[in-house]
Structure formats: C-alpha cells, structure tokens
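A structural walkthrough
Here are the chains, one letter per residue:
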Amino acid sequence: MPTKYWKVDASAGAGHPFIQEAGRMLKDGKTVAFPTETVYGLGADARSTSAVNHIFSAKGRPSDNPLIVHIAGTDQLGELVDDPGETALRLIEHFWPGPLTLVLPAKAGAVSPRVTAGLSTVAVRMPAHPVAQAIIAAAGCPVAAPSANRSGRPSPTLAAHVLDDLDGRIDGIVDGGPAGVGVESTVVEVAGSRAHILRPGGVTLAELRQVVSDVTVDETLLYAAADDSRIAAPRSPGMKYQHYAPQGAMTVVAGHSARRVIDWIQARLDEAKGRGEKTGVLTYEEHAHSYRADLVVPCGSVSDPASTARKLYGALRAFDHANITFIMAESCSEEGIGAAVMNRLLKAAGNRIVRI
Ligand code: TXA
Ligand code: MG
C-alpha cells in the first residue's frame, strides 16, 4: 500500500488540514504513525479489531503483546476504565499529559480484545505532544499505538526511522520532527495504594515516589539478575521479547573506571577487527576520540543521561546502516532517566553485560 506522508510543525494543532486528514483516516480504520513526546507511535482505532490487526501485521508483532491505548483528554478515561482508583487519579493529576502509562482494570468491551491480548487490564496513556493530542482528538476515538517500528527493532525517534521500517506497510505518517524524551513511557501497574513499575521510561522512579509513597520495581528489571535464568516470568508481556536490537552482536561494558572500560573495549575491538569483523562502539561525546573502530557513535554526554536517552535509538540504528557486526557499548548510570536507558541497552544486547 502507498504510505501517505504529511509534514507538520511540532506545534501543529487540531485545525491543521493534515491533522484533520490523519484523524479521518484513523476514524476510517486505517493505520497512521505520529510523533509523541517519547517515540513515534503507530495508531489505529482501539475499538476496531480489523484496524488493530493492521498494526500487528505491519509491525510483525506477536499477538500476545498488548497495546497502549492513547487518549487526548482525561474525559476519555471513563470509556476505558470503570474505576481507576485513588492512586491512579493522583498519578494522572501529576503526570498527564506525559510519558506515564497506567495499567488499569479494563471496562468490558471498551476496546478490541486484540488490544489487551485478552488480559483484564488495559494500558492507558495521554501523550503530551501537541501533534499526538491533536490527531487523537481529530480521530474522536481511543487510539491504540505501539512504537512505530518493525517488531524487535529500535523504536523510532524520527519519521525517517518509521519509513525505514514501515514504508508501504501503513496508511500514513505525520512527520512532526524529532520525538522528545527518546525512550518510551514508564509503564506502571496500579494495585491499591501501590504503583508497580513494569517498564522504566520517561517518568523516573524518583518522580513517582514524590507522588506515591509505595512504588516498587518489577524484579525482571533489576539488571543484576539479568543473567539469572531463574528470574520471574515477565508481568508485562512485552518484556519477554528481544527488543531494540541492532543486527550486530552487542555487549554492554560496565566498570567504575572510565579509563579501564575504554582500554578493555578497545582491546576487544582490535581482536574482533583481527577476526574480520566490522566493529562499532557506542560511547559518549567525551570518550569518542579515544576509540578506533569502523564506527564510533557518540550518544550524548556522560554527565547528561537525558541527552543519551534522546540519541539512543538513532545511535542503535546507525550500526545497522553501516553493517556493523560487532558492537561494544559503554554502560550508563542508572540514576533518573538512566534507568530506562540501561534497560533498553541491556535488551538491545540480549542481556550480555561484562563488568570489569
Ligand atoms: O512511549 C510509549 O509508551 C510509546 C508511544 C508510542 O506512546 N508506545 C509504546 O508502545 O512503547 P509499545 O507497544 O511499544 O509498548 C507497550 C508496552 C509493552 O511492553 C506491553 O507489553 C505493555 O506496554 N502493556 C500493554 N498493555 C499492557 C497490560 N494490560 N498489562 C501489562 N503490560 C501492558
Ligand atoms: Mg515498542
């Protein structure tokens, strides 16, 4: 199918003719990709099983991995959830619109069972990006939208990434420039007075703790356990799949001394080069000059994890563009948004981490 392409300003509103057209297409059961403040999403009418089926087939997404439902205003929440409860309402008041997804008890029949993958809960998020809000409002329905990448690939932070993966497989794309945070929303399951983090993301643990006293982190996220096969079965179905992976074999390297990490990585790169591999390293602006490799990708500043988050997925895609077969990545601090960056790095590396 030909994919329609519309370029709009990042601040374009509901009155923009392209946004109106994109909204109409969603209403008609079509798939349209659009920017959010985290990554680009691939939207479809959450109530329509045939529309949602197009998302799964375009992405090649496993059918047991449920989708996040996006709304333009809190007035739409009542369509999806009977009673969000006090804790969720407090989180909503503080973090919506924004990069926080809440897993809540679903109202029966509100969305296609394909969206929830048969679970009794539904994941809901109200994005802060003006273009996303305007498109959802123009569609006039709850919009199911996973990240707009082929399943397993890094999430898209530019319209060009979406077209690389999905051109000809979706009905349209609204290009509103770069997405904001660069990694996806934080997914939180609310149970009574407790908020349980299923996926780290744009809203940090510390920010959540300022609003809810009982915040827990799913044990599958603790990377100390990453190479422990006894870790519990993932509670968020999406967490069991390999994600964000470049085609080359990637290893994350962690250590207290930056000098030692750099020297250790350089030695592995030199060995790999000797074996005929095409080598790449994911590093920081401050360390980039220290490496010799076929591709050195500086990913933000070592002192600013938010800059690393913004650049991470584009950086992972760069290795594929250069056909890199062997990748070493410096780890990052797990403070703040760094927790989400480290989670994605480990997934991209299939949990291969070396501590030196
Ligand atoms: O930032 C984001 O959240 C982006 C933008 C486009 O909004 N969307 C996104 O969607 O990352 P996706 O499909 O790539 O990730 C959705 C995650 C998956 O890990 C999925 O398993 C989880 O949310 N999820 C969805 N519904 C769930 C549910 N009812 N219970 C537990 N986890 C759920
Ligand atoms: Mg995704």
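A short tour of the structure in this document, coming up. The model shown is predicted, which means the values in this text are computed figures rather than measured ones. (Residues numbered from 1 in each chain as written. Chains lettered and ligands numbered in written order. Predicted model: local features only at pLDDT ≥ 70, side-chain atom pairs only at ≥ 80, totals over all residues. Heavy atoms only, no water.)

1. Thoughts on the pattern of salt bridges
Note on pairing: side chains with opposite charge can pair once their charged atoms come close. For the structure on display, the rule yields 14 salt bridges. Across the pair Lys273 and Asp294 runs a salt bridge whose closest N-O atoms are separated by 2.8 Å. Of this pair, Lys273 sits in helix H9 (residues 258-274) while Asp294 sits in the loop between strand S13 (279-283) and strand S14 (295-298); the two residues are 21 residues apart in sequence, bridging distant segments of the chain. Of the charged contacts, one joins Glu277 and Arg275 as a salt bridge, the two residues approaching to 3.7 Å between their closest N and O atoms. (Salt bridge = Lys/Arg side-chain N within 4 Å of Asp/Glu carboxyl O. Helix = DSSP H or I, 4+ residues; strand = E, 2+ residues; numbered from the N terminus.)

2. A word on empty space enclosed by the protein
According to the stated counting rule, one finds one cavity of 30 Å³ or more in the structure shown. Considering only enclosed or pocket space, the largest cavity measures out at about 40 Å³ in volume. Mapped onto the lining of the largest cavity, the elements with two or more residues apiece are S13 and helix H10 (305-321). Residue classes in the lining of the largest cavity are distributed as six nonpolar, two polar and one charged. (1 Å grid on protein atoms, 1.4 Å probe; cavity = no way out; pocket = protein on both sides within 12 Å on 5 of 7 lines; lining within 4 Å. Points joined across faces, edges and corners; volume = space filled by probe spheres on them. Nonpolar A, V, L, I, M, F, W, Y, C, P; charged D, E, K, R; others polar.)

3. Focus: the sheet that holds strand S4 (residues 68-70)
Reading across the sheet, the eleven strands line up as S1-S8-S2-S3-S7-S4-S6-S5-S9-S10-S11 and stay open at both edges, with mixed pairing between neighbours. Every interior strand has two partners, whereas the edge strands, strand S1 (4-7) and strand S11 (214-217), have only one. Inspection of the sheet shows strand S5 (residues 100-105) paired to strand S6 (residues 121-125) by four bridges, in the antiparallel sense. Residue pairing for S6: Leu104 is matched across the bridge by Val122. Most of the contacts of helix H7 (residues 159-166) go to strand S8 (residues 172-175), to which it runs at about 165°, and overall it touches S1, strand S2 (32-35), strand S3 (40-45) and S8. (Pairing = 2+ DSSP bridges. Contact = heavy atoms within 4.5 Å. Axes fitted to C-alpha atoms, helices over the stretch in contact; angles between N-to-C directions.)

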